[in-house]
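# Chain and residue survey
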Amino acid sequence: MQKILDGRLYRHCLGVAEAAETLACRFGADPGRAYVAGMVHDYGKRYSFQELINKAAELKLSLDRVTIRECKLLHAPVGAALVELELGITDPGIIKAVASHTTGRPGMTLLEKIIYLADYIEAGRRYEGVEKIRGAAINDLDGALLIAVNHALNSVIARGLLLHPCSVAFRNSLLVDISGR
Ligand SMILES: [Fe+2]
Ligand SMILES: [Fe+2]
């Protein structure tokens, strides 16, 4: 990955891999799979938006109207197909975690949740509120995810970008799960 990705993206992926490994140990997932998933989660970002569009068409991926228009979203589902095709990763759980890491979705597996959260709190992340999410992630996976997805939704709205329905459904599912504890 160090040879394939540019320096900044590589450092981010390394940070996500390390954060995912830590979260996996903390919440009972396989740390090795979490590390690999974190390392490849942004593989799609090595390509431009147009290249991703072309690859999605070549691979006949069925993508929804929101994903196809947002570069920030498109690298996840196309990247998921490419980690299998170009990196030879066959673990369906890892591929799924790459695919869902930008929008989230209701009913995420433990590994998917770990990658979503690790992407938010890896050591290189510096934004207002990150410490609160890191603090919650010490013992409350869903609680930390809820703060992270709220942050993501607010930021999407503030920047005038398209809001993906899966992100809204993910937030609602977390709220329902947390209130039902
Ligand atoms: Fe990403
Ligand atoms: Fe990322």
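These lines cover the structure that appears in this document, whether it is placed above or below. The shown structure was predicted, so the numbers you read here are calculated from the model rather than taken from an experiment.

### Brief notes about the overall build of the chain
Scanning the chain from N- to C-terminus turns up nine helices and zero strands. Relative to its length of 181 residues, the chain is compact, with a C-alpha radius of gyration of 15 Å against a globular reference of 16 Å. Burial statistics for the chain: of 181 residues in total, 38% are counted as buried.

### Description of the packing of helix H5 (residues 92–99) against helix H6 (residues 110–121)
Two elements in contact, H5 and H6, have axes separated by 9 Å at closest approach and are oriented at 40 degrees. Taken together, H5 and H6 sit at an angle that is classed as oblique. In this structure, H5 meets H6 at a crossing whose hand is right-handed. Seen from H5, the contacting residues are Gly93, Lys96 and Ala97; seen from H6, they are Leu111, Glu112 and Ile115. For the contact of H5 with H6, the per-class residue count stands at three nonpolar, one polar and two charged.

Basis of the calculations
- Residue positions are given per chain, counted from 1 along the sequence in the order it is written.
- Working convention: letters from A go to chains and numbers from 1 go to ligands, in the order in which they are written.
- Predicted model: local features are reported for residues with pLDDT of at least 70 only, side-chain atom pairs are reported and counted for 80 or more only, and whole-chain, interface and lining totals are derived from all residues.
- Helix and strand definitions here come from DSSP, where helices need a minimum of 4 consecutive H or I residues and strands a minimum of 2 consecutive E residues; each element is numbered from the N-terminal end.
- In this setup the radius of gyration rests on C-alpha atoms only. A globule is expected at 2.2 Å times the number of residues raised to 0.38.
- For every residue, the other C-beta atoms within 10 Å of its own C-beta are counted; 20 or more classify it as buried, 12 or fewer as exposed, and values in between as partly exposed. C-beta atoms are placed from the backbone.
- Under this scheme, a helix contributes an axis fitted over its contacting stretch, all axes are lines through C-alpha atoms, and angles between N-to-C directions fall in the 0 to 180 degree range.
- Note on terminology: angles under 35 degrees are roughly parallel, angles over 145 are roughly antiparallel, angles of 65 to 115 are roughly perpendicular, and the others are oblique.
- Handedness of a helix crossing follows the sense of rotation of the near helix relative to the far helix, less than a right angle counterclockwise being left-handed and clockwise being right-handed.
- Working definition of a contact: two residues with C-beta atoms, positioned from the backbone, lying within 7 Å.
- Amino acids are sorted into nonpolar (Ala, Val, Leu, Ile, Met, Phe, Trp, Tyr, Cys and Pro), charged (Asp, Glu, Lys and Arg) and polar (every other residue, Gly among them).

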